[in-house]
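# Chain and residue survey
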Amino acid sequence: MLLDVEHLNVFYDKAMLLNDINMGVDTGELVSLVGPNGAGKSTLLRAVTGLVARDREISKRSTGGDVVLQGLIRFENIQIQNIHAHEIVKMGLVHCPERRRPFREMTVRDNLLAGAYLIKDRDKTMSNLAKVYDLFPVLKGRGSQISGTLSGGEQQMLAIGRALMTEPRLLCIDEPSTGLAPILRAEVFEKISEVSRLGITVLLVEQEVGAVFAMSSRNYVLSSGRIIAEGTGEKLLKDEVIRKTYLGL
Amino acid sequence: MLLDIIVSGLISGSMFALLAIGFSLIFGVARIVNIAHTAFYMIAAYCIFFFTQRMGVGPIPAMFMAIIIVTFLGLIAYRFFIEPIREHEAAVLIGTIALAIAMQEVMLLFFTGDFLSVPSLLEGFFSLMGVKIFFQQLLTFGAVLTILIALWLMLMKTRLGLAVRCMAEDREVANLMGINERRVAMATMGISVGLAAFTGAVVVPLTILNPFMWMEPLIIMMAVVVLGGLGSLKGSFIGAYILGFTEALVVFLIPKGAFLKGSVALSIMILVLIIRPEGLFGIAFEEER
Ligand SMILES: Nc1ncnc2c1ncn2[C@@H]1O[C@H](COP(=O)(O)OP(=O)(O)OP(=O)(O)O)[C@@H](O)[C@H]1O
Ligand SMILES: [Mg+2]
């Protein structure tokens, strides 16, 4: 497995946000993580990419509540549950966060270059930049636009493009379709399958079950901090209980 | 009269800009409100006095030595004193006030409370349309402008500058791009204190030294930052010149205006807080996790 999560528990201030999570992603897969609001999907991505450990460190040094992370997270068989987020990126495990979060006051180009922060080879960065512009033609020719002035869909493309600039091996994307019009959602999903076809492994968090099940190889259903089902879209949709209770279909 | 106001406004505006930008930088990157910022400026001024007047070092080497020593001091203070309490805003505020007072007391010990001064690097002046412009003023202005341009280039053109801008906007996402927050915060602290030291070093021939000389610029700097919007470098820059020119206007246009000089900063600060608390270019900080 490229990513391996074993018996992962996460507590924020005594509230258990993740409860005995066991999951994994294999090289080349597109795995989706679905579930209702507040299930803990984002928290799972945050734990995997070092942000929960970061929160834990901050909470230790301030008056914030306690953050606890238990269990094992392995990326390419290396334990990463206590590694800093910026070191995890270096290993190729990259997080495209919820709500897109572009650097709003910076230009499109600078946002993309921020993604290439760790890549010191200038030529490589420039060729990656060209690839990202090819993948997202909406960004082409707008390098000097301030990214806060982009539309929601464009900002999502920018966020994914920025994450691609880090040269990820496993790209975790959190709810890319939120707040977008239906046509744009379809476009975002199309881009994500294109990323997957480029050979980048993807772990995708989404609420839009229909679209995601059509493109993913496997799925996990998360609810109240637990994984309650796993399998192909076809299999999950056949299960009446899962459909009605957890997927709202 | 008009020229007087322009010269005076430009020079004090530039000094305020240097101080306020340094203060804003470390606030933007690490959310540290460093009350001791102008105390580092005071130490740099004393360094210049000590090296040039007591050790006989030339003014230019003295300036480099002062900047290096003060920056180093700032980094040590940051690493061992501010960084451990960094995530705790109230502690940072109290801690840096304590730091400033400690530096003031040390200077009192070494140099007593006497008013000291350092002669100009360049003597003489020239007259432009009846206004005396001292060469030292011109030199100071030129040096400040050079540093401001260098800083801008650093921010916009270098890798560290990119990291600084990313962290000022969203520390968590910056971290997700592989930016080492601790290291960038440390580097920014170095630049911030370095700017304070530079300001102290170039201003010293134009001012009078005493261990309490950090308080007035602290208030002015706070007013600039409030006016420009906390965390906005552009705001600090523009706010500094607005304040510089307002001070000059008050001094030259109001009879006995020089006595009112000190109240300009405070009045502007209070006005801004009442009318537009976020300042000219204030950003509403998104809640970060
Ligand atoms: N810092 C925090 N402290 C305490 N509780 C938190 C914190 N962050 C999230 N939670 C809680 O943890 C639960 C899971 O949150 P999470 O964001 O992981 O859900 P999600 O599945 O991503 O939901 P959504 O689909 O709305 O994005 C929620 O009930 C949330 O309120
Ligand atoms: Mg979420």
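The following refers to the structure shown. The structure presented is a predicted model; accordingly, all values stated were derived computationally and were not measured. (Residues numbered from 1 in each chain as written. Chains lettered and ligands numbered in written order. Predicted model: local features only at pLDDT ≥ 70, side-chain atom pairs only at ≥ 80, totals over all residues. Heavy atoms only, no water.)

### Topic: the overall build of chain A
Worth spelling out the cut-off: The numbering of helices and of strands both runs from the N terminus, where a helix is a DSSP run of H or I of at least 4 residues and a strand a run of E of at least 2. Within these notes, the globule rule equals 2.2 Å times the number of residues to the 0.38 power, and the radius of gyration is based on C-alpha atoms. Think of it in three bands: with a 1.4 Å probe and only protein chains considered, a residue is buried below 20% of the maximum accessible area for its type, exposed above 50%, and partly exposed in between. Contact definition: two residues touch when any of their heavy atoms are within 4.5 Å. Residue burial considers only the protein chains on display, and all accessible areas are found by Shrake-Rupley using a 1.4 Å probe. A residue counts as positive if it is Lys or Arg and as negative if it is Asp or Glu; His and the chain ends are not included. Every charge is mapped to an atom, namely NZ of Lys, CZ of Arg, CG of Asp or CD of Glu.
Regarding its fold elements, chain A presents ten helices and ten strands. Scaling as 2.2 N^0.38, a compact globule of 249 residues should have a C-alpha radius of gyration of about 18 Å, and chain A matches this with 18 Å. Along the first, second and third principal axes, the C-alpha atoms of chain A reach 50 × 45 × 30 Å. Taking all 249 residues of chain A together, 56% fall into the buried category. Excluding contacts between residues fewer than 6 apart, the proportion of contacts in chain A whose partners are at least 24 apart in sequence is 67%. About 10,400 Å² of surface is accessible on chain A, with carbon and sulfur atoms providing 50% of the total. Charge separation in chain A, taken as the distance between the mean sites of 31 positive and 30 negative side-chain charges, equals 3 Å.

### What about unusual backbone geometry?
All names here are of chain A. With phi around 55°, Asp 13 is a residue other than glycine that occupies positive phi space. One can find Asp 13 in the loop between strand 1 (3-12) and strand 2 (15-25). Of the residues examined, Asp 13 reaches a relative accessible area of 54% and is grouped as exposed.

### Here we look at the coordination of the magnesium ion (ligand 2)
Residues and elements named next belong to chain A. Put simply, the rule is: Metal-coordinating donors are taken as N, O and S atoms lying within 2.8 Å of the metal, or within 3.2 Å when the metal is Na, K or Ca; because water is left out, some sites can appear incomplete.
Protein coordination at the magnesium ion (ligand 2) comes from Ser 42 (OG) and Glu 98 (OE), with a distance range of 1.9 to 2.3 Å. Here Glu 98 lies in the loop between strand 6 (93-96) and helix 4 (108-115) and Ser 42 lies in helix 1 (residues 41-48), a separation of 56 residues in the sequence. Its relative accessible area of 33% is what places Glu 98 among the partly exposed residues.

### Brief notes about the packing of helix 5 (residues 135-157) of chain B against helix 6 (residues 159-169) of chain B
Residue and element names in this part refer to chain B. Note the following rule: To get an axis, fit a line to the C-alpha atoms, keeping to the stretch in contact for a helix; angles then go from 0 to 180 degrees between the N-to-C directions. Angles below 35 degrees are treated as roughly parallel, those above 145 as roughly antiparallel, those between 65 and 115 as roughly perpendicular, and all remaining angles as oblique. Under this grouping Gly is polar, as are all residues other than the nonpolar Ala, Val, Leu, Ile, Met, Phe, Trp, Tyr, Cys and Pro and the charged Asp, Glu, Lys and Arg.
Helix 6 packs onto helix 5 with a crossing angle of 80° between their chain directions and a minimal axis gap of 5 Å. In terms of their interaxial angle, helix 5 and helix 6 are classed as roughly perpendicular. Across the interface between the two elements, Met 154, Leu 155, Met 156 and Lys 157 of helix 5 pack against Arg 159, Leu 160, Gly 161, Leu 162, Val 164 and Arg 165 of helix 6. Residues of the contact of helix 5 with helix 6, tallied by class, amount to six nonpolar, one polar and three charged.

### Some words on the interface of chain A and chain B
This is how it is decided: The term buried area means the drop in 1.4 Å probe accessible area that two parts suffer when joined, counted for both and summed. One speaks of a salt bridge when a side-chain nitrogen belonging to Lys or Arg is within 4 Å of a carboxyl oxygen belonging to Asp or Glu.
Counting residues at the interface gives 29 residues for chain A and 27 residues for chain B. Here chain A and chain B share an interface that buries about 2,900 Å² over both sides, 54% of which is from carbon and sulfur atoms. Looking only at chain A, the three residues that lose the most surface to chain B are A:Arg54, A:Arg61 and A:Tyr117, adding up to 27% of its buried area. Inspection of the chain A/chain B interface yields six salt bridges. A salt bridge links A:Arg54 to B:Glu172; the nearest nitrogen and oxygen atoms lie 3.8 Å apart.

### Some words on the sheet that holds strand 5 (residues 78-79) of chain A
All names here are of chain A. The cut-off we apply is this: Any two strands between which DSSP finds at least two bridges are classified as paired.
Judged by pairing direction, the sheet is antiparallel, and its four strands sit side by side in the order 2-1-4-5 without closing on themselves. Here the strands that pair on one side only, and so sit at the sheet edges, are strand 2 and strand 5. Where helix 2 (residues 51-60) meets the sheet, its contacts fall on strand 1 and strand 4 (67-75), and the angle it forms with strand 4 comes to roughly 150°.

### Regarding the pattern of salt bridges
Tallied over the entire structure, the rule returns 24 salt bridges over all chains. The partner of A:Arg142 in a salt bridge is A:Glu154, with the nearest N and O atoms 3.0 Å apart. Of this pair, A:Arg142 sits in the loop between helix 5 (122-135) and helix 6 (152-164) while A:Glu154 is found in helix 6, placing the two residues twelve residues apart along the sequence. With relative accessibility at 15%, the residue A:Glu154 sits in the buried group. Of the charged contacts in the structure, one is a salt bridge between A:Arg197 and A:Glu190, with a shortest N-O distance of 3.2 Å. For A:Glu190, a relative accessible area of 39% corresponds to the partly exposed category. It is possible to trace a salt-bridge network through shared partners that takes in A:Arg46, A:Arg54, A:Asp55, A:Arg101, B:Asp170, B:Glu172 and B:Glu181.

### Looking at the environment of A:Asp239
Residue and element names in this part refer to chain A. With respect to the helices and strands, Asp 239 occurs in the loop between helix 9 (233-238) and helix 10 (240-246). The exposure class of Asp 239 is partly exposed, given its relative accessible area of 32%. Put simply, Asp 239 and Ala 229 are ten residues apart on the chain and 9.9 Å apart in space, counted from C-alpha to C-alpha.

### Let's talk about the sheet that holds strand 10 (residues 226-231) of chain A
All names here are of chain A. One open sheet accounts for six strands, arranged 6-7-8-3-9-10; its pairing is mixed. Edge positions in the open sheet fall to strand 6 and strand 10, since each of these has one partner strand only. The average undirected angle you get between the axes of adjacent strands in this sheet is 20°. Relative to strand 9 (residues 218-223), strand 3 (residues 30-34) runs parallel, the two sharing four bridges. Across the sheet, Ser 32 pairs through a bridge with Asn 219, a residue of strand 9. Of the strands in this sheet, strand 3, strand 6, strand 7 (170-174), strand 8 (201-205) and strand 9 touch helix 1, which is tilted by about 150° from strand 7.

### Observations concerning the packing of helix 5 of chain B against helix 8 (residues 181-203) of chain B
All names here are of chain B. Between helix 5 and helix 8, the least distance of the axes is 10 Å, while the angle of their chain directions is 170°. In terms of axis orientation, helix 5 runs roughly antiparallel to helix 8. Counting all contacts with helix 5, which are made through Gln 136, Thr 140, Ala 143, Val 144, Ile 147, Leu 151 and Met 154, the residues of helix 8 involved are Ile 191, Leu 195, Phe 198 and Val 202.

### Let's talk about helix 1 of chain A
An α-helical segment advances 3.6 residues per turn. Residues three or four places apart therefore align on the same side. Judged by how many residues are buried, helix 1 of chain A sits mostly within the fold: eight of eight residues are covered. When we look at burial in helix 1 of chain A, the residues that qualify are A:Lys41, A:Ser42, A:Thr43, A:Leu44, A:Leu45, A:Arg46, A:Ala47 and A:Val48.

These figures capture arrangement, not role.
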